[in-house]
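Observations on the model geometry
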Amino acid sequence: MVILGLLLIILGAIAILSAIFVSEGSGELLGIDMSSLEIFLVGVAAGAAVLWGYTILKWGTKRGLAHRRERKELHKLNDKLDRVEAEKREDHPTTPDERV
């Protein structure tokens, strides 16, 4: 998700920058003749792509952090459970030889 978000942001930024610096008011965008309305719609789409990419990037980052926190907590609980089980085995022998 993070990669997709970054990709959308980069593509949107490239479209915006090309519209600003490449076009010279002649109605041309990246070598294609376009009307003013079409250029405006490309700008709107580029802005939407940047916002969508940012949203996906933010969501993916939150999800990844939450997953790492949960995994860390599970490892702690597993270690604690292993210690408790080891203590139980030491306190309560299970074989006849250990009971003597």
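Residues numbered from 1 in each chain as written. Predicted model: local features only at pLDDT ≥ 70, side-chain atom pairs only at ≥ 80, totals over all residues. Heavy atoms only, no water.

1. Notes on the overall build of the chain
When helices and strands are counted, the chain shows three helices and two strands. When the elements of the chain are put in sequence order from the N terminus, they spell out α-β-β-α-α. Buried positions account for 13% of the 100 residues belonging to the chain. Across the chain, every contact between residues at least 6 apart in sequence was considered, and the portion connecting residues at least 24 apart equals 69%. Summed over its atoms, the accessible surface of the chain is roughly 8400 Å², and 64% of this surface lies on carbon and sulfur atoms. (Helix = DSSP H or I, 4+ residues; strand = E, 2+ residues; numbered from the N terminus. Buried < 20%, exposed > 50% of the residue type's maximum accessible area, 1.4 Å probe, protein only. Contact = heavy atoms within 4.5 Å. Areas by Shrake-Rupley, 256 points an atom, 1.4 Å probe, with all protein chains shown as cover.)

2. Notes on the confidence of the model for the chain
Averaged over every residue, the pLDDT of the chain is 80; residues scoring 70 or more account for 83%. Taken element by element, the chain is modelled with least confidence in helix α3 (residues 96-99), mean pLDDT 56, and with most confidence in helix α2 (residues 36-91), mean pLDDT 87. (pLDDT = per-residue confidence, 0-100.)

3. So, a nonpolar patch on the surface
A surface patch of nonpolar side chains, about 840 Å² in accessible area, is lined by M1, V2, L4, L6, L7, I10, L11, I14 and W59. Considering each element in turn, the nonpolar patch owes the most residues, seven residues, to helix α1 (residues 2-21). Position of L4 among the secondary structure elements: in helix α1. (Patch = residues over 30% accessible without salt bridge, like charges linked within 9 Å, V, L, I, M, F, W, Y side chains within 5 Å. Salt bridge = Lys/Arg side-chain N within 4 Å of Asp/Glu carboxyl O.)

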